[in-house]
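Structure assessment
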Amino acid sequence: MPDPHAGDVTVVGAGLIGLFSAHYLLERGYDVTLLERGTAGGGAARVNGGWVCPARSDPLPSWGVVRDGVRSLARPYGGSFFLGARALPHVAGYLGRFVLSSGAHRFERSWDELDVLNRQTAGLIDELVEAGIVSGLQDEGFLMVHPTREQAEASWASLSAVSRRGLSPAPEPVVGRGELLELEPGLGEAARFGFVHRGDRWLDPSRLVDRLVGSAISRGARVVTETPVRAVRQRGSRVELATPAGVIEAGHVVIAAGAWSEELLRPIGVRGYVTPGKGYSFTVHPERPPRHVLRLGDTHVGVTPMGDRTRVLGLVELDGTHEGVHTERIALMKRQAAPYLTGIDWDASTDEAVGARPMTPDGKPLIGCVPGAERIVVATGHNMLGLSLGAATGVLVAAFVAKGPAAAVPAFDPMRFTRRHGLGSARARAHD
Ligand SMILES: Cc1cc2nc3c(=O)[nH]c(=O)nc-3n(C[C@H](O)[C@H](O)[C@H](O)COP(=O)(O)OP(=O)(O)OC[C@H]3O[C@@H](n4cnc5c(N)ncnc54)[C@H](O)[C@@H]3O)c2cc1C
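Counting from 1, residues in each chain are numbered in the order their sequence is written. The predicted origin of the model limits local features to residues at a pLDDT of at least 70 and limits the giving and counting of side-chain atom pairs to 80 or more, whereas totals for whole chains, interfaces and linings rest on all residues. The basis for the side-chain values is all heavy atoms of the structure; hydrogens and waters are excluded.

Describing the site of the ligand
As a matter of local geometry, the ligand sits amid 36 residues, with Glu36, Ala44, Val229, Asn383 and Ser388 nearest to it. At a separation of 3.2 Å, an oxygen atom of the ligand approaches a polar backbone atom of leucine 16. Under the rule applied, a polar contact is a pair of N or O atoms within 3.5 Å (in protein, one hydrogen donor and one hydrogen acceptor; residues adjacent in sequence only if both atoms are side-chain atoms). Contact between the ligand and arginine 37: a nitrogen atom at 2.9 Å from a main-chain N or O atom of the residue. Residue exposure ignores everything except the shown protein chains as possible cover, and the areas themselves are Shrake-Rupley values with a 1.4 Å probe. When isolated, the ligand has an accessible area of 1000 Å², and the protein chains bury 98% of it. Helix and strand definitions here come from DSSP, where helices need a minimum of 4 consecutive H or I residues and strands a minimum of 2 consecutive E residues; each element is numbered from the N-terminal end. Looking at the shell around the ligand, the elements with two or more residues in it are helix H1 (16–27), strand S13 (275–284), strand S17 (350–359) and helix H10 (386–403). Only Asp, Glu, Lys and Arg are considered charged in this grouping, and only Ala, Val, Leu, Ile, Met, Phe, Trp, Tyr, Cys and Pro are considered nonpolar; every other residue, Gly among them, is considered polar. Split into classes, the residues belonging to the shell around the ligand amount to 18 nonpolar, 15 polar and three charged. Throughout, the term near means that a residue has one or more heavy atoms lying within 4 Å of the molecule or strand in question.

What follows is the structure, given as structure tokens:
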């Protein structure tokens, strides 16, 4: 129900989180402006895999990922994780805290906490379908393919455990190559065993971004592009935003600047260790396009059918930068995917792109008010899950703007890393 006394809110960043936040703020009756450094969806939004996947939205830090990361470092031309040596000074704080968050107990607790958002996703996405904002949602299931029966059965057991959390049905039985080819005739020789896991869905993220922008504008929001926000601070009951065109004022500000958020957060006393984790995607044109999302063995490469395109995605690269495609990473993904797929001219790929995921050390987002500057709401750090968690985050952001710190969800407290190290409280009182 719109609040007739709702004020004005400026959202920094027109990526997935900024746009979902704007959507739910507009529903509550706020006067919304989005300020975007580049173009809408210019961060990781349009590059991503399009998975709306509450069933598999587990936190990244776990001993399995730490082990895979160490192995990848040992074989830099074959893994799925890349750490640039020159990036170490920039990412050491993130990596150290990541390892500390990886124990089995912490992993389970963080997953339970993420499930508070995951449980809202399906219903919210269905509402957005009805509202005409989400379209082209596909739900034929994720097809997991493996070179050996043992690997397929291990993957099946792990997804059966995931299903027991109640967000997806149990995976279908493991089948051999003949049945896999009936499901997906374009599969290559390496796909010998596999199974379908239903429940999660997918869409074309560029279309989603465009529809969220269109819907926001049609409801009176302003989307101002090519306008980087350089600093944010609360002054009394208003918030000031420094931009190249001068200082802009707002009643509330939402910081949703994705992997760039740390630059705005640190000066106001929030140390979130938000670190760019670059991921790659590109388009291929298979003779027999897949109907399912494909997960290719232990490669960490995924394939998403998106209408008339097929997107290949994967890798995590920590090189301390937000942009810059390394063509050897794309070449590696192609080498990893090629044994699983036929009828693709890999040299004819298009749309090769990189996106910076906003990574946090414990794999959970930072969502909440800044202590001492409570008209500033932080909404960032969605790691590999910004599309999947976006709608539920938007609802929470609108609650923070309406209710202030009373809406707090301790699991997503933006100050959780700052407080642990005794930093920030003085600087957070940024208003005078
Ligand atoms: C290859 C790849 C595959 C992925 N697949 C999936 C998937 O299948 N499902 C899923 O849920 N997630 C996926 N993700 C992750 C998802 O894309 C991110 O979690 C999500 O984009 C984060 O949303 P965000 O709004 O925080 O950041 P972004 O979407 O990056 O948006 C941030 C925006 O803020 C702008 N900005 C930055 N600084 C400023 C500033 N100072 N002033 C103004 N504007 C600013 C940027 O230009 C950008 O437009 C994937 C990511 C990658 C890279």
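Digging into the confidence of the model for the chain
On average, residues of the chain score 93 in pLDDT, and 95% of them are at 70 or above. Think of pLDDT as the predictor's per-residue confidence, scored from 0 to 100. Pairs of residues are marked as contacts when any of their non-hydrogen atoms sit within 4.5 Å. Contacts from residues 423–432, a stretch scored under 50 in pLDDT, to residues over four places away or in other chains number 27 contacts.

Brief notes about the sheet that holds strand S1 (residues 8–12)
Between any two strands, pairing holds if DSSP finds at least two bridges. Here we have six strands laid out as an open sheet, ordered S8-S2-S1-S12-S19-S18, and mixed in their pairing. At either end of the open sheet lies a strand with only one pairing partner, and these are strand S8 (222–224) and strand S18 (366–370). Taken over all neighbouring pairs, the strand axes of this sheet differ in orientation by 20 degrees on average, direction set aside. The sheet contact formed by strand S12 (residues 252–255) and strand S19 (residues 373–380) spans three bridges and is parallel. When the sheet's bridge partners are listed, valine 253 is paired in S19 with isoleucine 376. Here the axes come from fitting lines to C-alpha atoms, over the contacting stretch only for helices, and the angles between their N-to-C directions go from 0 to 180 degrees. Lying on the sheet, H10 is in contact with S1, S12, S18 and S19; it crosses S18 at an angle near 10 degrees.

With respect to empty space enclosed by the protein
Each cavity reported here is a set of points on a 1 Å grid over the protein atoms alone in which a 1.4 Å probe fits but cannot get out, each pocket an open set with protein on both sides within 12 Å along at least five of seven lines, and each lining residue one with an atom within 4 Å of a point. Grid points are joined across faces, edges and corners, and a volume is the space filled by probe spheres set on the points. Summed over the entire model, instances satisfying the criterion amount to two cavities of 30 Å³ or more. Residues belonging to the lining of the largest cavity are distributed by class as follows: eight nonpolar, three polar and two charged. Taken as a whole, the second largest cavity spans an internal volume of roughly 40 Å³. A per-class count over the lining of the second largest cavity returns four nonpolar, one polar and three charged.

Observations regarding the side chain of histidine 292
If you trace the backbone, histidine 292 turns up in the loop between S13 and strand S14 (293–296). In this structure histidine 292 comes out as buried when scored by relative accessible area, which is 2%. When near neighbours in sequence (up to four residues on either side) are disregarded, histidine 292 contacts Glu140, Gly141, Leu143, Leu183, Glu184, Val196, Trp202, Val303 and Pro305. Exposure is judged per residue with a 1.4 Å probe applied to protein chains only, and the accessible area is read against the type maximum: over 50% gives exposed, under 20% gives buried, and values in between give partly exposed.

Here we look at the nonpolar core
Within the largest apolar cluster, 67 residues are counted, with the highest numbers of intra-cluster contacts made by Val11, Phe20, Leu25, Val32, Leu128, Leu208 and Val254. For the domains described, the bounds stem from an automatic or database domain assignment. Looking at this core, you find at least three residues from each of domain 1 (1–61 + 101–137 + 200–274 + 360–432) and domain 2 (74–99 + 138–199 + 275–357). Look past the residues within four positions of leucine 128 in its chain and what remains in contact with it is Phe20, His23, Tyr24, Ile133, Val134 and Ala391. Counting 27 residues, the second-largest nonpolar core is a separate cluster that includes Ala191, Phe282, Leu296 and Tyr340. Note on terminology: a nonpolar core comprises buried Ala, Val, Leu, Ile, Met, Phe, Trp, Tyr and Cys residues joined through side-chain atoms within 4.5 Å.

Considerations on the side chain of histidine 197
Its place among the elements puts histidine 197 in strand S6 (residues 193–197). Of note is the side chain of histidine 197, whose polar atom sits 3.2 Å from the side chain of serine 168. What histidine 197 contacts, discounting residues up to four positions off in sequence, is Arg56, Gly141, Phe142, Leu159, Ser163, Ser168, Pro169, Ala170 and Pro171.

Considering the domain arrangement of the chain
Segmentation of the chain into domains returns domain 1 (1–61 + 101–137 + 200–274 + 360–432) and domain 2 (74–99 + 138–199 + 275–357). Put simply, the middle of domain 1 and the middle of domain 2, counted by C-alpha atoms, are 27 Å apart. When the buried surface of domain 1 facing domain 2 is broken down by residue, Trp51, Arg56 and Trp202 rank first, second and third, together holding 23% of it. Between Lys or Arg on one side and Asp or Glu on the other, a salt bridge is scored when a side-chain nitrogen of the former is within 4 Å of a carboxyl oxygen of the latter. At the boundary of domain 1 with domain 2, the tally comes to four salt bridges. When the shortest N-O distance is used, the salt bridge between aspartate 115 and arginine 165 registers 3.0 Å. In this structure, the connection of domain 1 to domain 2 is made through 23 residue pairs in polar contact (both at pLDDT 80 or more). Counting residues per element, the ones that place at least two in the side of domain 1 that touches domain 2 are helix H4 (104–130) and strand S7 (201–202). When the residues that make up the side of domain 1 that touches domain 2 are grouped by side-chain class, the tally is 19 nonpolar, 11 polar and 11 charged. Summed over both partners, the accessible area lost on bringing two parts together, with a 1.4 Å probe, is the buried area.

Observations concerning the packing of aromatic side chains
The criterion for an aromatic pair is that two Phe, Tyr or Trp rings (for Trp, the six-membered ring) have centres within 6.5 Å, with stacked assigned to planes under 30 degrees apart, edge-to-face to planes over 60 apart and tilted to the rest. Scanning all chains against the criterion turns up five aromatic pairs. When the ring of tyrosine 94 is compared with that of phenylalanine 98, the centres are 5.8 Å apart and the planes differ by 55 degrees; the resulting orientation is tilted. With tyrosine 94 and phenylalanine 98 both in helix H3 (residues 88–100), this residue pair falls four residues apart, about one helical turn. Phenylalanine 98 matches tyrosine 94 in its accessibility class, with the two residues each being buried. Ring centres 5.5 Å apart and planes at 65 degrees place the aromatic pair phenylalanine 107 and tryptophan 111 in the edge-to-face group. Here phenylalanine 107 and its partner tryptophan 111 are both found in helix H4, four residues apart, which amounts to about one turn of the helix. For the pair shown, phenylalanine 107 and tryptophan 111 are each scored as buried. Counting every residue linked through ring pairs, the aromatic cluster contains Trp51, Phe142 and Trp202. Sitting over a ring, as applied to charges here, requires NZ of Lys or CZ of Arg to be within 6 Å of the ring centre and within 35 degrees of the ring normal. Between the NZ or CZ atom of arginine 37 and the centre of the ring of tryptophan 260, over which it lies, the distance is 4.3 Å.

Topic: the pattern of salt bridges
One pass over the full model with this rule turns up 28 salt bridges. A salt bridge links aspartate 200 to arginine 56; the nearest nitrogen and oxygen atoms lie 2.9 Å apart. Taken together, the positions of aspartate 200 in the loop between S6 and S7 and arginine 56 in the loop between strand S3 (51–52) and helix H2 (63–74) put the pair 144 residues apart, joining distant regions of the chain. In this structure, aspartate 200 and arginine 56 share a single accessibility class: buried. Residue aspartate 68 is joined to arginine 67 by a salt bridge in which the shortest nitrogen-to-oxygen separation is 3.7 Å. Take arginine 67: its relative accessible area is 46%, and that puts it in the partly exposed class. Taken together, the shared-partner salt bridges in this structure form one network comprising Glu108, Asp112, Asp115, Arg119 and Arg165.

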